[in-house]
Amino acid sequence: MTIDLILDTAERVFTDHCNKEIRDSAESGSIDDQKGLFPEGLWTVIQDTGLHQVGGRESGTTLADAFRMIRLAGKFAVPLPYPEILISNRFVTGQGLTTVAEGVIAPWARRAERVVTDDGQLVDEFDVVEGANLAGEPRDEVVFENSKSIELPPNFRAIMAMTRVAAMSGALEKLLELTIDYVGERKQFGRPISGFQAVQHNVARMAGEVAASTRASDAAIEALDTDRFVIQVSAAKVRVGEAAGVVAEIAHQAHGAMGFTHEHELHHYTRRLWAWRDEYGHEKEWQQLIGRQVVAVGADRAWELISDCAH
Amino acid sequence: MFSGLDFEPARLPPEAEALRVGVRDFVERELPGDYLRNSDFNEGHSAEFSQKLGMRGWIGMTWPKQYGGGDRSFFERYVVTEELLAAGAPVSAHWIADRQSGPLLLRYGTEDQKLKYLPPITRGESYFSIGMSEPDSGSDLASVQTRASAVDGGWILNGTKLWSTDAHRNHYMVALVRTGPSGESRHEGLSQFIVDLHANGVTVRPIKNIAGDEDFNEVVFEDCVVSEENLVGAVGNGWEQVTSELGYERSGPERFLSAFRVFVEFVRYVGASPSDEESALIGRLASHIMTLRQMSISVAAMLQAGKNPATEAALVKSLGNDFEKTLPELVRLFAPRLGPKHPLRCSLEQTLLHSPSFTIRGGTREILRGVIARGLGLR
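Residues numbered from 1 in each chain as written. Chains lettered and ligands numbered in written order. Predicted model: local features only at pLDDT ≥ 70, side-chain atom pairs only at ≥ 80, totals over all residues. Heavy atoms only, no water.

Q: Which parts of the structure should I look at to understand the pattern of salt bridges?
A: Pairs may arise between side chains of opposite charge once their charged atoms sit close together. Under the counting rule described, the total for this entry stands at 54 salt bridges over all chains. A:Lys75 is paired through a salt bridge with A:Glu173; the nearest N and O atoms lie 2.9 Å apart. Taken as a pair, A:Lys75 in helix H4 (residues 63–75) and A:Glu173 in helix H6 (residues 156–185) lie far apart in primary sequence, 98 residues in all. Just as A:Lys75 is buried, A:Glu173 falls in that class too. The residue A:Arg139 makes a salt bridge to A:Glu279 at a minimum N-O spacing of 2.7 Å. Placement of the pair is A:Arg139 in strand E6 (residues 139–143) and A:Glu279 in the loop between helix H9 (266–276) and helix H10 (283–297), with a sequence separation of 140 residues. Classification of A:Glu279 by relative accessible area gives buried; the value is 9%. It is possible to trace a salt-bridge network through shared partners that takes in A:Arg301, A:Glu304, B:Glu17, B:Arg20, B:Arg24, B:Glu82, B:Glu83 and B:Arg293. (Salt bridge = Lys/Arg side-chain N within 4 Å of Asp/Glu carboxyl O. Helix = DSSP H or I, 4+ residues; strand = E, 2+ residues; numbered from the N terminus. Buried < 20%, exposed > 50% of the residue type's maximum accessible area, 1.4 Å probe, protein only.)

Q: What's the story with the side chain of B:Thr291 in this structure? I'm lost.
A: Relative to the assigned elements, B:Thr291 resides in helix H10 (residues 276–304). Residue class for B:Thr291 comes out buried when judged on its relative accessible area of 3%. In this view, B:Thr291 contacts A:Ala212, A:Ala216 and A:Arg239; residues no more than four positions away in its chain are not counted. (Contact = heavy atoms within 4.5 Å.)

Q: Any chance you could explain the pairing of strand E3 (residues 154–162) of chain B here in plain terms?
A: In the case of a regular strand, side chains alternate between the two sheet surfaces. Pairing of strand E2 (residues 147–151) of chain B with E3(B), which is carried by five bridges, proceeds in the antiparallel orientation. Residue pairing across strands places B:Ala148 opposite B:Leu157, the latter belonging to E3(B). (Pairing = 2+ DSSP bridges.)

Q: Explanation requested: a negative patch on the surface in the structure shown.
A: All names here are of chain B. Among the surface-exposed residues, Glu 111, Asp 112, Glu 228 and Glu 229 lie close enough to one another that they form a single negatively charged patch. Note that Asp 112 resides in helix H6 (residues 111–122). Given a relative accessible area of 59%, Asp 112 falls into the exposed group. (Patch = residues over 30% accessible without salt bridge, like charges linked within 9 Å, V, L, I, M, F, W, Y side chains within 5 Å. Areas by Shrake-Rupley, 256 points an atom, 1.4 Å probe, with all protein chains shown as cover. Lys, Arg positive; Asp, Glu negative; His and termini not counted. Charge placed at Lys NZ, Arg CZ, Asp CG, Glu CD.)

Q: Where do I start with the packing of aromatic side chains in this structure?
A: For any pair of aromatic rings, the description rests on two quantities: the centre-to-centre distance and the angle between the ring planes. Counting across every chain of the model gives 17 aromatic pairs over all chains. Taken together, a centroid distance of 5.3 Å and an interplanar angle of 85° make the contact between B:Phe26 and B:Trp58 edge-to-face. A residue pair is termed long-range when its members are at least 10 positions apart, and B:Phe26 in helix H2 (residues 20–30) and B:Trp58 in the loop between helix H3 (47–55) and helix H4 (74–86) qualify at 32 residues. Taken individually, B:Phe26 and B:Trp58 each receive the classification buried, so the pair is uniform in this respect. One aromatic cluster in this structure is built from A:Phe14, A:Phe76 and A:Tyr82. The side chain of A:Arg110 reaches across the aromatic face of A:Trp108, ending 5.8 Å from its centre. One residue, A:Arg111, lies across the ring of A:Phe38, its end atom 4.7 Å from the ring centre. (Phe/Tyr/Trp six-rings, centres within 6.5 Å; stacked < 30°, edge-to-face > 60°. Lys NZ or Arg CZ within 6 Å of the ring centre and 35° of its normal.)

Q: Would you explain the sheet that holds strand E4 (residues 121–123) of chain A in this entry?
A: Through backbone hydrogen bonds, the strands of a sheet pair up, either in parallel or in antiparallel fashion. Residue and element names in this part refer to chain A. Across the sheet, which stays open at both edges, the four strands sit in the order E1-E3-E4-E7 with mixed pairing between neighbours. The sheet is open, and its two borders are formed by strand E1 (98–101) and strand E7 (148–149), each paired with just one other strand. By the bridge criterion, two bridges tie E4 to E7 in an arrangement that is antiparallel. In the sheet register, Leu 122 faces E7, and the bridge partner there is Lys 148.

Q: I'm lost on unusual backbone geometry in this one. Help?
A: The general pattern is negative phi for most residues beyond glycine and trans for most peptide bonds. Phi at A:Trp108 is positive, roughly 55°, even though this residue is not glycine. Position of A:Trp108 among the secondary structure elements: in the loop between strand E2 (105–107) and strand E3 (114–117). The phi torsion at B:Asp166 lies on the positive side, around 65°, for a residue other than glycine. Note on placement: B:Asp166 falls in the loop between E3 and strand E4 (172–178). Residue B:Asp166 is classed as buried on the basis of its relative accessible area, which comes to 2%.

Q: Before we go on, may I ask you to explain the domain arrangement of chain A in this structure?
A: A common way to state how big an interface is: give the accessible area lost once the parts meet. Residues and elements named next belong to chain A. Taken domain by domain, chain A comprises domain 1 (3–149) and domain 2 (156–306). One C-alpha centre belongs to domain 1, the other to domain 2; they are set 22 Å apart. Counting residues at the interface gives 30 residues for domain 1, matched by 33 residues for domain 2. Considering only the surface of domain 1 that becomes buried against domain 2, Phe 67, Arg 71 and Lys 75 emerge as the three largest contributors, covering 26% of it. Of the charged contacts in the structure, one is a salt bridge between Glu 177 and Lys 75, with a shortest N-O distance of 2.9 Å. Taken together, the connections running from domain 1 to domain 2 amount to 19 residue pairs in polar contact (both at pLDDT 80 or more). Listed by contribution, the elements that provide at least two residues to the side of domain 1 that touches domain 2 are helix H2 (20–26), H4, helix H5 (82–91) and E1. The dominant element in the side of domain 1 that touches domain 2, judged by the number of residues it contributes, is H4, at eight residues. (Domains from an automatic or database assignment. Buried area = accessible area lost by both parts, 1.4 Å probe. Polar contact = N/O pair within 3.5 Å; in protein donor to acceptor, adjacent residues only side chain to side chain.)

Q: Would you mind going over the nonpolar core with me for this structure?
A: One broad rule of soluble globular proteins: the nonpolar side chains tend to lie buried together. In this structure, A:Phe14, A:Phe67, A:Met69 and B:Phe263 are the most contacted members of the largest nonpolar core, which totals 182 residues. Per element, the largest residue contribution to this core is 17 residues, and it comes from H6(A). Ignoring any residue separated from it by four or fewer positions in sequence, one finds A:Phe67 in contact with A:Ile87, A:Ile159, A:Met162, A:Thr163, A:Ala166, A:Ile221 and A:Leu224. Counting 16 residues, the second-largest nonpolar core is a separate cluster that includes B:Met173, B:Val202, B:Val219 and B:Val226. (Core = buried A, V, L, I, M, F, W, Y, C linked by side-chain atoms within 4.5 Å.)

Q: I'm lost on the environment of A:Ala158 in this one. Help?
A: Looking at the secondary structure, you find A:Ala158 in helix H6. The residues contacting A:Ala158, other than those within four sequence positions of it, are A:Phe229, A:Val230, A:Val233 and A:Trp286.

Q: Teacher, can you tell me more about the domain arrangement of chain B here?
A: Residues and elements named next belong to chain B. Per the domain assignment, the segments making up chain B are domain 1 (14–127), domain 2 (130–242) and domain 3 (243–375). In this complex, domain 1 contributes 26 residues to the contact, which on the side of domain 3 involves 24 residues. Here domain 1 and domain 3 share an interface that buries about 2300 Å² over both sides, 57% of which is from carbon and sulfur atoms. Joining domain 1 to domain 3, the criterion identifies three salt bridges. For the pair domain 1 and domain 3, the interface holds nine residue pairs in polar contact (both at pLDDT 80 or more).

Next up, the structure:
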């Protein structure tokens, strides 16, 4: 199956099996209705359709394809540790639900059978201190004594950052779609609010941020097998992280009080964006990484570095 | 993606990349060491430099050989223009002729016009100004009042064009004028003429800008006679003609690189051991430039493929212009009181003083957002 067919399949699966109710019940946290229920049904369908193996070494698909899938999952706010499932499947052999920890914090460690840490340890016996990010996505502390050292690629942190870039760019696109639909339907003063110039300009600004994010994310994926990958991911994490704040703000403003309710699905995307931009390095961390590279080549070669033409 | 927004992946092909080093070496050789480099395409009018570029074949690159062009791709032109801008070279003399007037003539001009006007442009000897805005027509271009009346064998022009950059230094203007009633669409009855800026009946008055420069002009036509051969395209087709080039006008590297030399001088200023905050700012600005560049190249690819990415081009310009205004605002906070000759201070001041024009020229931010909103189906 080509990746386009797989993406089509995934879109159908996500449309049919990933709704607001499932996302709500998967949320973990201190509020009564945050039950932290792992979406077992969705997980079963994903395994049955093989979508948990996209990007795997024997799947006939690539790591770039995995990022495309993660982008789509971001667009649907899939309440699974989906990036961690695909990335661990690519780099670690073995069975069972495997998650990846940033330091000692891992999505859904409470449900996982194994944990891979981003510094190259494989853990299969561990305790969990449950926690969550501000989107209510389980982010559990993994407590362990014994681990096995495994080999991860040297740019593994960039690969994990790329998962957040891809997921964010998907969620950003969803926010633009939701907002365009909403301002076209919502009527005030006798006409759809999309007719007001102030609203149009906010949505246009949002579209600019979303398009920049998509392009930055795609450019990083395109650079995957080159020595430009890390710098492109860095730039994308910076640019998309910045866009996340702007776009979430405009989306909420456009949706008014309606979008501030728990009942509306808008927050499933905005809260995830607020959380994901901080995971695997917020903007400033990656800004500094690029900044130091630019300074290292010096003013007169800064353009070469930026334009990828150091000959 | 959704309708109206589609930035397809694109890479500059090897034959385009191959030009890069040559351009870079050329600029280093030709620019005097004390030249204050500026990445704003409007700054730096040098006939000498333009002629040297012409000799290298770097003007009219995409035009057919029979008109002096290079039969090259948009990608190759892209590399040359972005290298010149990034290096801060003086390109304003030939810029409009190369980007806009030449392509307009290629598309709508007569064979005689192409043979007459294009070869001198490609040699870097003939420069054009834009004749669109007027005292009462800015963003609302369809409201232009300058009129051309048919007479025996030609036309008589009366009216005033405004904000025509370098009209006091350039040779020709392509003027958008009214030749008939505007009709219900308001877009009818417009035509374009090539006007010799040194002809009788043409008065060019420079207008000093806030930087103290005289770059743009008021151009008054008083019974200015132009011959039939100066009509570009068909009578009444002016609106289609002026809007057809917007994709080219709005998405190029000049729409996000205007402040680039401030970035370069800032990198030089912080030296080898920057603070974390300085590194972060440099990285932030670099991330924006890298992303805008990817978007701009994507539009170049769509143009090369014969598509009409009007919304995407408006979006690149809008994002890019906002960025080039933000860049000096962020850098200045890291550059305390520098001496009057310090390159960073000179670059910062020059860019700040010209920055109001970034979001006005070639389509204001407000117009562009309207174009984008239309592309998204909101209007």
